[in-house]
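Structural overview for review
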Amino acid sequence: MFRGRSYGAVGTALGEAVFATGMTGYQETITDPSYARQLVVQTAPHIGNTGVNSEDAESRRIWVAGYIVRDPARRPSNWRSEKSLDEELVAQGIIGIQGVDTRAITRHLRERGAMKAGIFSGDAAARPEAELLAEVRAQAPMAGSRLAEEVSIDAAYVVEPADHGWDGEPRFTIAALDLGIKSMTPHRFAERGVRVHVLPATATIEDVQAVEPDGVFMSNGPGDPATADAQVGLLRQVLDTRVPFFGICFGNQILGRALGFGTYKLRYGHRGINQPVMDRRTGKVEITSQNHGFAVDAPADGPTTAPERRFGRVEVSHVSLNDDVVEGLSCLDIPAFSVQYHPEAAAGPHDSAYLFDRFIDLMAAEKRTAGTNAAATSAADVSKATTDAKEAK
């Protein structure tokens, strides 16, 4: 138990305690839907220095279940600030605590793993400690939680390239499944000339095909990937049609499951904007933005045939340099790949922005292949028709 002072709204917040190591980008952190039902401990001691604004939120609301900081700013100081972080937490009913030893909490979580926790302030904090502990222990665990549908949109919408600086007709159209998507992700596609149809987490293959996509994308999101049977089934239908696929974070775990691999819960997860990852094919190291508590259980010792054998060979393309966790998958016989981290980098480094271009190149290559095959089929049909006519004579 750690005692501090109230920060944000007053009351009770329950969730899984996790720590995030980003030195900046707290507004993007708290509005990331992947943090749903989690109490976020900021390891950086000074939080709220630049306030909050209406432009940097990564979704329609704050998603953290509670917020734990050491030394919040007494007042923000930035030309873009519209209100203080404390004011925004109060406005959205997010309960927090300040003045606690976040370094000690982080060490505790690193040694024992992410765990059930609670924040209690106001009248709730005056209750007996045994009651508070019993309430914390009685909450549902993160393992087995199905949360993507809770944070997803209710109705589809379109992000147009023309609204993000693209001059000319869209190059490609993609269907993006919102499992907890961050607003910067369709922005990154749109600024490259890609029209993005953002679909709810409950979308079916008919919904995907209705937008006539050149590719399919699955986003980051919260919860246990073992509960995502509907999305896994949808992705297998997509892969069967050879529509190019790109997934990040939760989307990476869904690709792993679609290929037949398992997933598992990490001890304390990867959360922050400074996570080192190696591309195993090039040896290049990228500093990445991450937020995940589950990972894919796939062999990292070279290409292997997927357990779902119809999808052919697959290899682990990226690994974490901190703990060797699988950070990316690349299919060798079908047009599909994924990464466990967030290449949209909001907030975070831009080392991985090339992955959006890689997906565009994959869609272009598949379109060329489809065109070549169509031309060959057409030529074969003409040849067969000519032969049949000669034989008829």
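Heads up: these notes are all about the structure in this document. (Residues numbered from 1 in each chain as written. Predicted model: local features only at pLDDT ≥ 70, side-chain atom pairs only at ≥ 80, totals over all residues. Heavy atoms only, no water.)

A short note on the pattern of salt bridges
Let me state the cut-off plainly: The working definition used for a salt bridge is a side-chain nitrogen of Lys or Arg within 4 Å of a carboxyl oxygen of Asp or Glu. Every helix listed is a DSSP run of H or I at least four residues long, and every strand listed is a run of E at least two residues long, numbered separately from the N terminus. Burial status follows relative accessibility: with a 1.4 Å probe on protein chains alone, a residue under 20% of its type maximum counts as buried, one over 50% as exposed, and anything between as partly exposed.
For the structure shown, the criterion picks out 24 salt bridges. Two residues, Lys182 and Glu344, come together in a salt bridge whose shortest N-O distance is 2.9 Å. In this pair, Lys182 sits in the loop between strand 10 (172-177) and helix 6 (184-190) while Glu344 sits in the loop between strand 19 (336-339) and helix 10 (354-392), placing the two residues 162 residues apart along the sequence. Looking at Lys182, the relative accessible area reads 3%, which means it is buried.

Quick word on helix 8 (residues 229-240)
Under the convention used in this document: In this scheme, a helix's expected span is set at 1.5 Å multiplied by one less than its residue total. An arc is given here, and it is the one of the directions from the helix axis to the C-beta atoms.
In this model helix 8 runs 17 Å from its N-terminal to its C-terminal C-alpha over 12 residues, within 8% of the 16 Å that 1.5 Å per residue would give. Within helix 8, the full set of buried residues consists of Gln231, Val232, Leu234, Leu235, Val238 and Leu239. Buried residues in helix 8, looked at end-on, bunch into an arc of 160°, giving them a common side. A positive backbone phi angle near 65° is found at Arg242, which sits one or two residues after helix 8.

Describing the nonpolar core
Let me state the cut-off plainly: In plain words, nonpolar cores are sets of buried Ala, Val, Leu, Ile, Met, Phe, Trp, Tyr and Cys residues tied together by side-chain atoms within 4.5 Å. In what follows, a contact means two residues having at least one pair of non-hydrogen atoms within 4.5 Å.
Among the nonpolar cores identified, the biggest contains 37 residues, and Leu235, Leu239 and Leu259 are the most heavily contacted of them. Elements supplying a minimum of two residues to this core: strand 10, helix 7 (205-210), strand 12 (215-218), helix 8, helix 9 (250-258), strand 17 (313-320) and strand 18 (326-331). If you tally residues by element for this core, the top one is helix 8, at 5 residues. In this view, Leu239 contacts Phe245, Leu255, Ala258, Leu259, Phe311, Ile334 and Ala336; residues no more than four positions away in its chain are not counted.

Points about the pairing of strand 15 (residues 285-297)
What counts is decided by this rule: Two strands pair under a simple rule: DSSP has to find at least two bridges between them.
The element strand 15 is extensively covered by neighbouring structure, given that 10 of its 13 residues are classed as buried. Both strand 14 (residues 262-279) and strand 15 contribute to a ladder of 11 bridges, which runs antiparallel. Looking across to strand 15, one finds that Met278 is bridged to Val285. Linking strand 14 back to strand 15 in an antiparallel pair, the connection comprises 5 residues, with Gly283 at a positive phi of about 80°.

Here's the deal with the packing of aromatic side chains
Keep this limit in mind: Here a pair means two rings of Phe, Tyr or Trp (six-membered ring of Trp) with centres within 6.5 Å. Their orientation is stacked below 30 degrees between planes, edge-to-face above 60, and tilted elsewhere. Working rule: Lys NZ or Arg CZ, within 6 Å of ring centre, within 35 degrees of ring normal, means a charge sits over the ring.
Throughout the structure, instances matching the rule amount to 10 aromatic pairs. An angle of 65° between the planes, with centres 6.3 Å apart, marks the rings of Phe337 and Phe359 as edge-to-face. Linking Phe337 in strand 19 with Phe359 in helix 10, this pair joins segments that are 22 residues apart in sequence. The class of Phe337 is buried, set by a relative accessible area of 2%. What makes Phe359 buried here is its relative accessible area of 0%. Pairwise contacts between aromatic rings join Phe189, Phe217, Phe246, Phe337, Phe356 and Phe359 into one cluster. The ring centre of Trp63 lies 3.9 Å from the NZ or CZ of Arg61, which sits over that ring.

Looking at the sheet that holds strand 3 (residues 38-42)
Rules: Orientation is described by lines fitted to C-alpha atoms, with helices fitted over the stretch in contact, and by angles between N-to-C directions that extend from 0 to 180 degrees.
Pairing in this open sheet of 6 strands is mixed, and the strands run 1-7-5-3-2-8 from one edge to the other. Both edges of this open sheet fall to strand 1 (5-8) and strand 8 (115-120), since each of them pairs with a single strand only. Sheet twist, expressed as the average angle between the axes of neighbouring strands with direction ignored, equals 35°. By the bridge criterion, 4 bridges tie strand 1 to strand 7 (residues 95-98) in an arrangement that is antiparallel. Bridge pairing in strand 7 links Gly8 to Ile95. Helix 4 (residues 129-138) contacts strand 2 (12-20) and strand 8 of the sheet and is inclined by roughly 135° relative to strand 8.

A look at the environment of Val326
Among the secondary structure elements, Val326 is positioned in strand 18. On the accessibility criterion, Val326 (5% relative accessible area) is buried. Along the sequence, Val326 and Val316 sit 10 residues apart, while their C-alpha atoms lie 6.6 Å from each other. Residues within four places of Val326 in sequence aside, it is in contact with Val296, Ala298, Val316, His318 and Gln340.

Digging into the state of the cysteines
Note the following rule: Any pair of cysteine sulfurs within 2.5 Å is marked as a disulfide.
Taken as a whole and assessed by the stated rule, the structure comprises 0 disulfides. Looking at Cys249, it has no disulfide partner, and the nearest cysteine sulfur is the one in Cys331, 18 Å off. Residue classification places Cys249 among the buried residues on the basis of a relative accessible area of 1%. Relative accessible area serves as the criterion here: at 9%, Cys331 is assigned to the buried category.

Details of a nonpolar patch on the surface
To keep it simple, the criterion reads: Patch definition: residues above 30% relative accessible area lacking any salt bridge, with like charges linked at up to 9 Å and the nonpolar side chains Val, Leu, Ile, Met, Phe, Trp and Tyr linked at up to 5 Å. Per-residue and other accessible areas were derived by the Shrake-Rupley procedure at a 1.4 Å probe size, with only the shown protein chains allowed to occlude residues.
Side chains of Val285, Ile287 and Leu321 sit close together on the surface and give an oily, nonpolar patch of about 210 Å² of accessible area. Here Ile287 shows up in strand 15. Taking the relative accessible area as the measure of exposure, Ile287 reaches 33% and is therefore partly exposed.

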